[in-house]
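What follows is the residue order along each chain.
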Amino acid sequence: MSAAPPNILFITSDQQHWRTLGHLNPELQTPNLDRLALAGASFRRAYTVNPTCTPTRASWITGLYPSQHGAYALGTKLPENVPTIGAILSRHGYRTALIGKAHFQPTVSSAQYPSLEAYPKLHDLDFWEKFHGPFYGFEHVELARGHTDEFLVGQHYALWMQAKGYKNWRNYFLPTPPERRDPQGKDLPDSNRKPLAPGEGRWDIPEEIHYNTWIAERTNALLAEYRRRGDHFFLWASFFDPHPQYMVPDPYAGMYDPEKVTVPEYRPGEFDDKPPYFRLALQPNPDFKEFAEPEGNCIHGAGSHLCRREVKARNIATMYGMVTMLDKYIGKILEQLHELGLAGNTLVCFTSDHGDFWGQHGLIGKAIHHYEDLLRVPLIVRLSGRIPQGKVSDALQSTLDLPQTFLSLAGVPPPRTMAGVDQKEVWLGKRAAARDHVIVENQHQPTTMHLRTFIDRRYKVTVHYNRPYGELYDLEADPGEYTNLWDHPESRELKRELLMKFLHAEMAKAPLPMPRIAGA
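Residues numbered from 1 in each chain as written. Predicted model: local features only at pLDDT ≥ 70, side-chain atom pairs only at ≥ 80, totals over all residues. Heavy atoms only, no water.

(A) Focus on the overall build of the protein. The secondary structure content of the protein amounts to 13 helices and 14 strands. Computed over its C-alpha atoms, the radius of gyration of the protein comes to 22 Å, within 12% of the 24 Å expected for a compact globule of 520 residues. For the protein, the C-alpha atoms occupy an extent of roughly 65 × 60 × 50 Å along the three principal directions. The buried share among the 520 residues of the protein stands at 60%. Expressed as a percentage of contacts within the protein between residues at least 6 apart in sequence, the contacts between residues at least 24 apart total 71%. Of the roughly 21,100 Å² of accessible surface on the protein, 53% is carried by carbon and sulfur atoms. Taking the average place of the 57 positive charges on the side chains of the protein and the average place of its 60 negative ones, the gap between the two points comes to 4 Å. (Helix = DSSP H or I, 4+ residues; strand = E, 2+ residues; numbered from the N terminus. Rg over C-alpha atoms; globule rule 2.2 N^0.38 Å. Buried < 20%, exposed > 50% of the residue type's maximum accessible area, 1.4 Å probe, protein only. Contact = heavy atoms within 4.5 Å. Areas by Shrake-Rupley, 256 points an atom, 1.4 Å probe, with all protein chains shown as cover. Lys, Arg positive; Asp, Glu negative; His and termini not counted. Charge placed at Lys NZ, Arg CZ, Asp CG, Glu CD.)

(B) Looking closely at the pairing of strand β8 (residues 379-382). Burial of β8 is two-sided: the residues Leu379 and Val381 facing one way and the residues Ile380 and Arg382 facing the other way are all buried. Where strand β2 (residues 41-43) and β8 come together, two bridges link them in antiparallel fashion. Each bridged residue has a counterpart across the sheet, and for Ser42 the counterpart in β8 is Ile380. Both strand β7 (residues 346-352) and β8 contribute to a ladder of four bridges, which runs antiparallel. The partner of Thr351 across the bridge, within β8, is Leu379. (Pairing = 2+ DSSP bridges.)

(C) View of the layout of surface pockets. Approximately 530 Å³ is the volume attributed to the second largest pocket. For the second largest pocket, the lining is made up of 24 residues, of which His17, Trp18, Arg19, Gln360 and Asp373 are closest to its centre. Among the residues making up the lining of the second largest pocket, the classes are represented as eight nonpolar, seven polar and nine charged. (1 Å grid on protein atoms, 1.4 Å probe; cavity = no way out; pocket = protein on both sides within 12 Å on 5 of 7 lines; lining within 4 Å. Points joined across faces, edges and corners; volume = space filled by probe spheres on them. Nonpolar A, V, L, I, M, F, W, Y, C, P; charged D, E, K, R; others polar.)

(D) Quick look at the nonpolar core. If you look at the biggest cluster of nonpolar residues, it comprises 129 residues, and the most contacted ones within it are Ile11, Tyr157, Phe406 and Trp427. Take this core: its biggest share by element is 14 residues, from helix α9 (residues 309-339). Filtering out sequence-adjacent residues up to four positions away, Phe406 remains in contact with Ile8, Phe10, Ile85, Phe234, Leu347, Cys349 and Trp427. In this structure, Leu280, Ile368, Leu396 and Leu451 belong to the second largest nonpolar core, which totals 24 residues. (Core = buried A, V, L, I, M, F, W, Y, C linked by side-chain atoms within 4.5 Å.)

(E) Local environment of the sheet that holds strand β14 (residues 470-474). Strand order in the open sheet formed by four strands is β11-β12-β13-β14, and the pairing between neighbours is antiparallel. Each end of this open sheet is capped by a strand with a single partner; those strands are β11 (437-443) and β14. Averaged over all pairs of adjacent strands, the angle between their axes in this sheet comes to 10 degrees, without regard to strand direction. Sheet topology places strand β12 (residues 450-456) next to strand β13 (residues 459-464); five bridges connect them, and they run antiparallel. When the bridges of β13 are listed, Thr453 appears paired with Thr462. (Axes fitted to C-alpha atoms, helices over the stretch in contact; angles between N-to-C directions.)

(F) View of the packing of aromatic side chains. What the rule picks out here adds up to 36 aromatic pairs. Taking the centre distance of 6.4 Å and the plane angle of 90 degrees together, the rings of Phe131 and Phe135 count as edge-to-face. On the accessibility criterion, Phe131 (15% relative accessible area) is buried. Owing to a relative accessible area of 6%, Phe135 belongs among the buried residues under this scheme. Pairing Tyr256 with Tyr320 gives two aromatic rings, centres 5.6 Å apart and planes at 80 degrees, and the pair type is edge-to-face. (Phe/Tyr/Trp six-rings, centres within 6.5 Å; stacked < 30°, edge-to-face > 60°.)

(G) Geometry of empty space enclosed by the protein. Scanning the entire structure with this criterion turns up three cavities of 30 Å³ or more. The computed volume of the largest cavity comes to approximately 60 Å³. Every element with two or more residues in the lining of the largest cavity is listed here: β2 and β8. Split into classes, the residues belonging to the lining of the largest cavity amount to seven nonpolar, two polar and one charged. By volume, the second largest cavity is sized at about 40 Å³. Lining the second largest cavity we find Ala144, Arg145, Gly146, His147, Thr148, Glu150, Val153, Tyr157, Phe173, Tyr211 and Phe240. Among the residues forming the lining of the second largest cavity, the class breakdown is six nonpolar, three polar and two charged.

Without other data, these values stay purely geometric and don't point to any function.
Structure representation (structure tokens):
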């Protein structure tokens, strides 16, 4: 007798370095994620499909590369007509919901490109009180935008804070800039809050109304509802941390001593063989104007990365506190799953949309330097009795593969329109690997900042569109990616072979919606 299709609990963080887990880094504590890893499988070579939020999150629900689903960069939107895993699972009897961060649409709306995640709609609480979906295939959503005390906050999270009795919740968030105010004067009450100084990470928001609390509470309420009704479910708990600005309430703000954290540093000369714009990161006022173009916008990471060591140390200590707090609330969800008797037949998957820099290579922010720190992500999966306990794998994984693998484990044939790889047999321990390479896209600007990376078991090559420079690393001999082999004469044949593999991989990644069923 075949096993019943599992429920799917998808838990994600935002901008989390793959090594910020207690079982990989003894400097911080993540007891709940550590237990999840012991009870399931963890993959040490999991890669994002794009090092920014919108493109990756759209890939998570479509199984398509950003160049295929349309949300190719921050500031774009996922077209509503692209098929999603939520819609597919709904047709197969699953209840589907998303709690937390979506970021499928930009914060600016226009007649041609309307966005629900834009101003002034974000602050129209009358609208959000009535709207809970459908949204990109999810029948039920409860949403928020922004990180820590950003002014973007509103939507369902604001309604929840109000329901908790915090009528003054706006005081914990920055005021709305004049250019973002509602021209009809329907703004939320404003605040007189000032930004924290660099390196100051203590957020005065009560833990009771922190968004981690909201996400866990609302996720657990839906789990209880699904259990009561006997529903199969696909439930996504989408957390915001540890995305900068690094801020967290007490006791987490003082949990880690800045004097005891490891502070990565730039190695003198390491940018000498890198693309020229890498060296701009070391200037106090770098000029990136050559990357501006009419249909582009701001470039994340295109600025000065200079930062005093003591500020970096405080930021790291705060970020560790954010991760530990995040872990606590993930633990509350996992505990609820167990108490409801749902853990035995629920696939739990934890990952992040991309990595982070907090001093590695002298960098302090995403998204235009394709080091492993940015491209690799944590990936832990658990399904009792099916996924081997405590398994640690270095099989290549792309988070592009998640929707296809979820569907396969649910017994739902993945549609031919998806471009990823079914990792089911790898997760179940029946196959060593399903991939021999991954591709990371990054069309941060339409043409001027457009790069793609090909990674196989040993090598990594990055091509920059319309630029003579590139990057080539031997990850086995040079895991720190300090030596760029792109222009080394002795690596000429290796580069040729890798570029040919890259070209073949690009040619192969387009989904084929149907087979050839006739000669003509």
